[in-house]
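# Structural overview for review
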Amino acid sequence: MSRRDRDAEGRARNARPRDGLGRPLPYGADGVERQPEGIERTPAQTLAEAQRLLDDGKPFHAHEVFEDAWKTTDGPDRELWRGLAQLAVGLTHAARGNNVGAASLLERGAANIEPFRDGPPHGIDVAGLQEWALALAAEAKSRVRVSPSAPRLTC
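Parameters at a glance
- Residues numbered from 1 in each chain as written.
- Predicted model: local features only at pLDDT ≥ 70, side-chain atom pairs only at ≥ 80, totals over all residues.
- Heavy atoms only, no water.
- Helix = DSSP H or I, 4+ residues; strand = E, 2+ residues; numbered from the N terminus.
- Rg over C-alpha atoms; globule rule 2.2 N^0.38 Å.
- Buried < 20%, exposed > 50% of the residue type's maximum accessible area, 1.4 Å probe, protein only.
- Contact = heavy atoms within 4.5 Å.
- Areas by Shrake-Rupley, 256 points an atom, 1.4 Å probe, with all protein chains shown as cover.
- Phe/Tyr/Trp six-rings, centres within 6.5 Å; stacked < 30°, edge-to-face > 60°.

By the naming in an unreviewed UniProt entry, the protein chain goes by DUF309 domain-containing protein and is assigned to Amycolatopsis plumensis.

Structure follows, in structure tokens:
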């Protein structure tokens, strides 16, 4: 039986390097630095860091930033961060060429941010993100090679 990679606290963590889209590379390969996990950021810090990563073509890493916000937030914004994480994963699938996964996650993320459409928090352009996500999902469903561009998170 092989031993699992573990972090300093003993939790299972895959230590393999990853490329810019989060795909595992062989041990010893040069990869893209991973996002640290469990960081608590303000909403503004979360949005700024995620936007920077999206603009750098790293939607998988942006998803990890949103996931931190989702996991460290109680209350109504929790589902907002979850939905934004799903949009970033959908963009990751689109960039990897997985059209089925892209469409599914983009539609799910767009649905999960719907409750925030009428009163978008933190300056997030919820309506614009939904429009972008659903258009990219439709493109993915048409089985056309998707060339995703990074969305703008705020108005």
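That shown, we press on.
### A word on the overall build of the protein chain
When its secondary structure is counted, the protein chain shows 5 helices and 0 strands. Shown N-terminal to C-terminal, the secondary structure of the protein chain runs as helices and strands in the order α-α-α-α-α. For 155 residues, the compact-globule estimate of 2.2 N^0.38 gives 15 Å, and the protein chain sits close to it at 16 Å. Reported as C-alpha extents along the three principal axes, the dimensions of the protein chain are approximately 50 × 40 × 25 Å. Taking all 155 residues of the protein chain together, 41% fall into the buried category. Counting only contacts in the protein chain whose residues sit at least 6 apart along the sequence, the fraction spanning at least 24 positions is 54%. For the protein chain, the accessible area works out to roughly 8,600 Å², and carbon and sulfur atoms hold 49% of it.

### Here's the deal with the packing of aromatic side chains
This model, assessed by the stated rule, comprises 1 aromatic pair. With a centroid separation of 6.2 Å and an interplanar angle of 25 degrees, the aromatic rings of Phe66 and Trp81 are classed as stacked. Of this pair, Phe66 sits in helix 2 (residues 59-72) while Trp81 sits in helix 3 (residues 77-96), and the two are 15 residues apart along the sequence. The same class applies to Phe66 and to Trp81, which are both buried.

### Considerations on the environment of Ala15
You can see Ala15 is positioned in the segment before helix 1 (43-55). With relative accessibility at 52%, the residue Ala15 sits in the exposed group. C-alpha of Ala15 to C-alpha of Pro59: the two residues are 44 residues apart in sequence and 19 Å apart in space.

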